[in-house]
Amino acid sequence: MKIAALPLFALLSLAAVAGCKGGGEASTKSTMEKDGVKAVVEISDPWCRPTPNGAQAGACYLTIESNVANRVTGVATPLATNAMIHDMTMDGGMMKMSEMADGLPLTPDQEVKLAPGGKHLMLMGLTAPLTEGTAVPLTLTFSATPAMTVEAPVRQPE
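Residues numbered from 1 in each chain as written. Predicted model: local features only at pLDDT ≥ 70, side-chain atom pairs only at ≥ 80, totals over all residues. Heavy atoms only, no water.

**A closer look at the sheet that holds strand S8 (residues 104-106)**
Here we have four strands laid out as an open sheet, ordered S8-S5-S11-S12, and antiparallel in their pairing. Strands at the two margins of the open sheet, each flanked by one partner only, are S8 and strand S12 (148-153). Averaged over all neighbouring strand pairs, the angle between strand axes comes to 35 degrees, with direction disregarded. As defined by bridge partners, strand S11 (residues 135-142) adjoins S12 across six bridges and the pair is classed as antiparallel. (Pairing = 2+ DSSP bridges. Helix = DSSP H or I, 4+ residues; strand = E, 2+ residues; numbered from the N terminus. Axes fitted to C-alpha atoms, helices over the stretch in contact; angles between N-to-C directions.)

Structure, rendered in structure tokens:
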């Protein structure tokens, strides 16, 4: 699986390392130092749900952790005209999905898991169906660290 980190602040980015964790989960890290503070963001287990032919929207999931106060401020992919961070909440006994317009806050050293039925990445205006066995490039931007791109395999939920 191909995973890469794209530094937003090229001069400040110290390293981008790809590796694997137990259980076959993909993982990528981006590290930078600014004003004596070392910031590390790790994204693990990215994946997207397959879509039926003709579907205009799809969902992707991942786990993310930052060692500093940070925020996911945006997401983009060449496979959709629009990508955003969504949350699912209960409202009057009904499940409601809404965009997290202010982004996804990351508390230092706490994993945030984007998963079915909760927070997720929503891809709108798909240019083609998300087909099992392919991968979706997702670029996440942050308030305090460089942007990162991961390749999210398209697969069924486990």
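Past the structure itself, the notes keep going.
**Overview of unusual backbone geometry**
Of note, aspartate 45 is a non-glycine position whose phi angle comes to about 45 degrees, a positive value. If you trace the backbone, aspartate 45 turns up in strand S3 (residues 37-48). Relative accessible area serves as the criterion here: at 21%, aspartate 45 is assigned to the partly exposed category. (Buried < 20%, exposed > 50% of the residue type's maximum accessible area, 1.4 Å probe, protein only.)

**Remarks on the pairing of S11**
Here four bridges tie strand S5 (residues 70-76) to S11, and the two strands are oriented antiparallel to one another. In the strand pairing of S11, valine 72 is matched with phenylalanine 142. Taking the residues between adjacent antiparallel strands as the criterion, S11 and S12 are bridged by five residues.

**Some details on the pattern of salt bridges**
Where charged atoms from two side chains of opposite charge come close, those side chains can pair. Counting across every chain of the model gives three salt bridges. For arginine 155, the salt bridge identified is with aspartate 45, shortest N-O distance 3.8 Å. A residue pair is termed long-range when its members are at least 10 positions apart, and arginine 155 in the segment after S12 and aspartate 45 in strand S3 qualify at 110 residues. For aspartate 87, the salt bridge is made with lysine 119, and the minimal N-O distance between the two is 3.5 Å. Of this pair, aspartate 87 sits in strand S6 (residues 80-91) while lysine 119 sits in the loop between strand S9 (112-114) and strand S10 (120-126), and the two are 32 residues apart along the sequence. Since its relative accessible area comes to 16%, aspartate 87 is described here as buried. Lysine 119 sits in the partly exposed class, given a relative accessible area of 27%. Salt bridges here are not isolated pairs; linked through shared partners, they connect Asp45, Arg155 and Glu158. (Salt bridge = Lys/Arg side-chain N within 4 Å of Asp/Glu carboxyl O.)

**Focus on the environment of glutamate 33**
Note on placement: glutamate 33 falls in strand S2 (residues 26-34). Here the alpha-carbon distance between glutamate 33 and threonine 145, two residues 112 residues apart in the chain, equals 9.0 Å.

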